[in-house]
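Listed here are the chains, written in short residue letters.
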Amino acid sequence: MTDTTELTSREKAEMFTGADNWHTVGVPEKNIRSLKMADGPSGLRIEKTTGFGFNESHEAVAYPTASALACSFDRDLLYELGEMLAEDCRKDGVDILLGPRVNHKRSPLCGRNFEYYSEDPILSGELASAYVNGLQSHGIGASLKHFAGNSREMGRLVTNSIIDERTLYEIYLRQFERVIRKAKPWTIMNAYNLLNGVYCTESTSLMDTARKKWGFDGVFVSDWGAVSDPVQALKGGLNLQMPGGDHGTSDLLIKACEQEEELLQKLDESTDHLINLEKKCVSLPLQEYSMEKHLQFARKAAAESAVLLKNENHRLPLSKEKSILVIGAMARHPRFQGAGSSKVNSDADSILEALQEKGCTVRYCQGYHLAIEETDPILFEEVLFHARQADQILFVGGLPEGKESEGYDRKDLDLPKCQNELLQALTNLRRDIAVVLQCGSPVTMPWAENVEGILLMYLSGCMGGHAAADLLLGDSNPSGKLAETFPLKLSDTPCYAWYHDALYRSYYKETIFTGYRYYSSFDVPVLFPFGHGLSYTKFSYQDLRITETEDQYHLSLSITNCGDVPGREVIQCYTSMQKSKIARPDMELKGFTSVELNPGETRQADLYIEKKDLCYFDVRRHDWVTEEGEYTFFVGSSSRDIRLQSSLSVQGETDPCSTIKREMYHRTGTILEISDEDYLQIIGRLPDKEHQVYPYHRNTTITDLEATLLGRLIHREIRRMIHKDRFKDVADSTVFESPLRMMFMASNRITWDTLDQVIYTLNGHYFGMFRRIYRTLKKKAETDQIPP
């Protein structure tokens, strides 16, 4: 096996950055091959061409997105997904799959929430661990991301996520720790943003925590374009800068290593990690690939992940013997996946065609336009005319692609106006309506009380239409549970008052009171609670027993299917410590399992709760600590449907320390608030300085350039390029919120030196700079033409 002593400094420095957009640098003469990477936590996205933006990709199977799959609460399903994706990778020669994404769902406004699992770190960590284990069992490396505190799209390349220590460890790092300990991912992708004042690609604290505390032994790779300073990134512990194209990075590193001997050691360590990664990637060719097997898995996964939110008067399943009026453009043109780097080139089925294939008598009305918010009066009246005499009504709606995407956040939680108005009119006629929703994250439902059935499919992949039809007709029984809360309105969400307060900073003032932890602790009514999900049958819970081992609490109980159809029940365990000396959420998920039961069948269900999961993070000890006292274990069907409970006395520390206090928070109407003085007590200190707009620097955004004449000219040119679609599906806000260093993504001829010279010129040093820039570009062009 090659070691770093056999490589030159130049070879080591060149390995620090990729060869191109999707490959690492290989050194064939030293038996180090180049590795191929691809997007696709929910299906492979292998680009046909390269360039700035999201380019056209090869066809692939689109599986349900993470927001859907999390509702399965099924580790085995996620393990199987990992195996399926590994086969996809092996078929196309991919070594590293850039997923899974485990960022915490802080707000339903985050445009990228469809890619993330849950608002609970233990659920996210358990499911992602299974995914990684399934993927890597076939010799394909995972890339756990985005590390860390990346919870909104607004300003994602420049924003500073300010998170207090306890909240950081309990909510935003816990899922990463869990996956590292349980699945040992081969790579971790460092996020774009700053975390408490330091870019994640440069954060020694963040990367040392993963390596020295959690045992991570893989490669830290930057998100694409996330490196602000290659030398500082290497010092911080980063191993691979992406995308590739040297841009002068190797020259910078060699020069820095000549000046700092410790940095040379860092480069050696980084190279060792890259060599070890190359040896782990088996890259065995796939002997046989069955497209049908993968499509059927996608169908199964979509069905198991769907959530039956409401079912009054047994509105669902629909009768196959009666005709169905299917309303909604999404019934024919489904929204089945997210947009951005996870978007797969895949054909999808539809609910309409799936119902017809199953022999149903169907009348279809378009109802609304996908790309227009306003109601079309002709389509509107057509629906109402047919609805008056329809045997059964199925409305299919949701969020069009433009409503949520990588690159920008949502502005509200509403469905398009045309859909809400049509549903309101329908419910004025009759209540016996079933609704299917296709969306990547929570939506408000002002009509929810006036319909009888609601089936949430999320973004269910290319076989979501057949999966929905299976559920709607009773060929499958819904068993999904919500992995996030559906609030009644946006202002009810815990971070509403400060989520979008500034581009360059994001204060996480809600601290540990996020998601259901907030709604349950502050008695906030919700539309549908965390863990909620109905079935076509009923389950009873009995005989809870708790036994204790050295490292775990073993909970066992009896579950009975009380209905007349087979079903699967997800059993959830939450804990609470009502007499804690520190602030704690009223309920926290600690474990889950599921059982499949035939009608009338009773089985024992077992849950195993790690003792360390009862710990909180102590800010005086800077470590996880168990507080002594009485803990209550709640077992139920959702966070607000508790069936059984039992209490235990637990030994531990009697002097816990936390800067967070419940009394610091108050609600003004529906809005959570905390004073600046109280928040300062929690965080300890505010950032040393605000974002500097002028003089310009590498992290100056395109928007900031308008402060000078030359900057305004550049700004205008970029607007022209957007108008000509030069950025290939990249949102306008992403372009204007991008820092100057992202110029690398647009041209291979730009080096760090060129960039710094451009910035020098923008700061008013015009004379002589254009000649220097020209010489640099010319030298770069000549170098590129020299054959190896």
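Let me begin by describing the structure that accompanies this report. Remember, it's a predicted structure, so these values are computed and weren't measured experimentally.

This part is about the overall build of the protein chain. When helices and strands are counted, the protein chain shows 23 helices and 28 strands. Computed over C-alpha atoms, the radius of gyration of the protein chain comes to 27 Å, within 12% of the 28 Å expected from 2.2 N^0.38 for 788 residues, which places it in the range of a compact globule. With the C-alpha coordinates of the protein chain rotated into their principal frame, the extents come out at 80 × 65 × 60 Å. Taking all 788 residues of the protein chain together, 62% fall into the buried category. When the accessible area of the protein chain is evaluated, it comes to approximately 30100 Å², of which 49% is carbon and sulfur surface.

Attention now goes to the environment of Pro 400. Secondary-structure assignment places Pro 400 in the loop between β12 (392-398) and α15 (417-429). Taking the relative accessible area as the measure of exposure, Pro 400 reaches 13% and is therefore buried. If we skip the residues at most four places from it in the chain, Pro 400 touches Met 330, Arg 335, Leu 370 and Pro 416.

What follows deals with the state of the cysteines. Under the criterion given, the structure shown has zero disulfides. Left without a disulfide partner, Cys 360 is nearest to the cysteine sulfur of Cys 365, which lies 16 Å away. On the basis of relative accessible area, Cys 360 is assigned to the buried category, the value being 10%.

Position of Lys 590 relative to the elements: it lies in strand β21 (residues 588-597). Residue Lys 590 is classed as buried on the basis of its relative accessible area, which comes to 3%. Among the polar contacts made by the side chain of Lys 590, one reaches the main-chain carbonyl oxygen of Asp 613 at a distance of 2.6 Å. Ignoring any residue separated from it by four or fewer positions in sequence, one finds Lys 590 in contact with Ile 122, Arg 174, Cys 573, Tyr 574, Thr 575, Ile 609, Asp 613 and Leu 614.

What follows deals with the packing of helix α14 (residues 377-387) against α15. As a packed pair, α14 and α15 sit with axes 10 Å apart at the nearest point and diverge in direction by 25°. On the basis of the axis angle, α14 is roughly parallel to α15. Where α14 crosses over α15, the handedness of that crossing is right-handed. Residues Phe 380, Val 383, Leu 384 and Ala 387 of α14 lie in contact with α15, whose contacting residues are Glu 421, Leu 422, Ala 425, Leu 426 and Leu 429.

Overall, mixed pairing links the four strands, which are arranged β7-β6-β4-β16 in an open sheet. If you trace the sheet from one side to the other, it starts and ends with β7 (198-199) and β16 (505-507), each paired once.

Once that is clear, we can look at the packing of aromatic side chains. On inspection of all chains with the given rule, the structure shows 24 aromatic pairs. Taking 6.0 Å as the distance between ring centres and 80° as the angle between the ring planes, the aromatic pair formed by Tyr 516 and Tyr 574 counts as edge-to-face. In this pair, Tyr 516 sits in helix α17 (residues 516-521) while Tyr 574 sits in strand β20 (residues 567-576), placing the two residues 58 residues apart along the sequence. Summarising the aromatic geometry, the rings of Phe 530 and Tyr 574 are spaced 6.5 Å apart at their centres and angled 80° between planes, so their arrangement reads as edge-to-face. Within this pair, whereas Phe 530 is found in the loop between β17 (526-528) and β18 (539-548), its partner Tyr 574 is found in strand β20, the two being separated by 44 residues in sequence. Three or more aromatic residues joined by ring pairs form one cluster here, namely Phe 73, Tyr 516, Phe 530, Tyr 574 and Phe 592.

What follows is about helix α4 (residues 121-136). With 16 residues, α4 extends 22 Å from end C-alpha to end C-alpha; this agrees with the ideal 22 Å at 1.5 Å per step. With respect to burial, α4 is a largely interior element, 15 of its 16 residues being buried. One side-chain oxygen at the N-terminal end of α4 lies 3.0 Å from the backbone nitrogen of Ile 122; it belongs to Asp 120.

Attention shifts here to helix α18 (residues 676-683). In an α-helix, one turn spans 3.6 residues; hence positions three or four apart end up facing the same way. Those residues of α18 that fall on the buried side of the exposure criterion are Tyr 679, Ile 682 and Ile 683. The buried residues of α18 all sit within an arc of 85° when viewed along its axis, so they share a single face. At the exit of α18 stands Gly 684, carrying a positive phi of roughly 95°.

With that settled, the discussion passes to the environment of Ala 66. By secondary structure assignment, the location of Ala 66 is in helix α2 (residues 66-69). Since its relative accessible area comes to 7%, Ala 66 is described here as buried. As for Ala 66 and Arg 101, which are separated by 35 residues in sequence, their C-alpha atoms are 8.1 Å apart. Once you skip the residues sitting within four places of it in the chain, Ala 66 turns out to touch Ser 42, Phe 114, Glu 115, Tyr 116 and Tyr 117.

Negative phi characterises most residues that are not glycine, and trans characterises most peptide bonds. Here the bond from Phe 147 into Ala 148 is cis, since omega is 5°, no more than 30 degrees from zero. Structurally, the position occupied by Ala 148 is in the loop between β3 (141-147) and β4 (160-162). Residue Pro 317 is bonded to the preceding Leu 316 through a cis peptide linkage, with omega at 5°. Here Pro 317 lies in the loop between β9 (307-311) and β10 (324-327).

Ordered by their spatial adjacency, four strands build an open sheet running β21-β20-β25-β26, and the pairing between neighbours is antiparallel. Only two strands of the sheet have a single neighbouring strand rather than two, namely β21 and β26 (641-650). Each strand of the sheet is rotated relative to its neighbour by a mean of 20°, with strand direction disregarded. Across nine bridges, the pairing between β20 and β21 is antiparallel. Paired with Glu 569 across the strands is Val 595, a residue of β21.

The next thing to look at is the side chain of Ser 639. For Ser 639, the location among the structural elements is in the loop between β25 (629-638) and β26. Note on Ser 639: relative accessible area 8%, which makes it buried. Here the side chain of Ser 639 touches Phe 530 through a polar contact of 2.7 Å, landing on its backbone oxygen. Discounting chain neighbours no more than four positions away, the residues touching Ser 639 are Pro 529, Phe 530, Gly 531, Gln 572, Tyr 574 and Met 587.

What follows is about the pattern of salt bridges. One pass over the structure, following the stated rule, counts 58 salt bridges. Across the salt bridge formed by Asp 470 and Arg 299, the nearest N and O atoms sit 2.9 Å from each other. In this pair, Asp 470 is assigned in helix α16 (residues 464-472) and Arg 299 in helix α11 (residues 291-305), connecting sequence segments 171 residues apart. Its relative accessible area of 8% is what places Asp 470 among the buried residues. Each member of the salt-bridge network shares a partner with another, and the members are Arg 101, Arg 112, Glu 115, Glu 153, Arg 156 and Glu 406.

Counting buried residues along strand β19 (residues 552-561), eight of its ten residues qualify, which places the element largely inside the surrounding structure. Both β18 and β19 contribute to a ladder of eight bridges, which runs antiparallel. When the bridges of β19 are listed, Ile 546 appears paired with Leu 555. Examined bridge by bridge, β19 and strand β22 (residues 602-610) share nine bridges and lie antiparallel to one another. Across the sheet, Ile 559 pairs through a bridge with Arg 603, a residue of β22.

Criteria and cut-off values
Residues numbered from 1 in each chain as written. Predicted model: local features only at pLDDT ≥ 70, side-chain atom pairs only at ≥ 80, totals over all residues. Heavy atoms only, no water. Helix = DSSP H or I, 4+ residues; strand = E, 2+ residues; numbered from the N terminus. Rg over C-alpha atoms; globule rule 2.2 N^0.38 Å. Buried < 20%, exposed > 50% of the residue type's maximum accessible area, 1.4 Å probe, protein only. Areas by Shrake-Rupley, 256 points an atom, 1.4 Å probe, with all protein chains shown as cover. Contact = heavy atoms within 4.5 Å. Disulfide = S-S within 2.5 Å. Polar contact = N/O pair within 3.5 Å; in protein donor to acceptor, adjacent residues only side chain to side chain. Axes fitted to C-alpha atoms, helices over the stretch in contact; angles between N-to-C directions. Parallel < 35°, antiparallel > 145°, perpendicular 65-115°, else oblique. Left-handed = near helix turned anticlockwise from the far one by under 90°. Pairing = 2+ DSSP bridges. Phe/Tyr/Trp six-rings, centres within 6.5 Å; stacked < 30°, edge-to-face > 60°. Expected span 1.5 Å × (residues − 1). Arc of directions from axis to C-beta. Salt bridge = Lys/Arg side-chain N within 4 Å of Asp/Glu carboxyl O.

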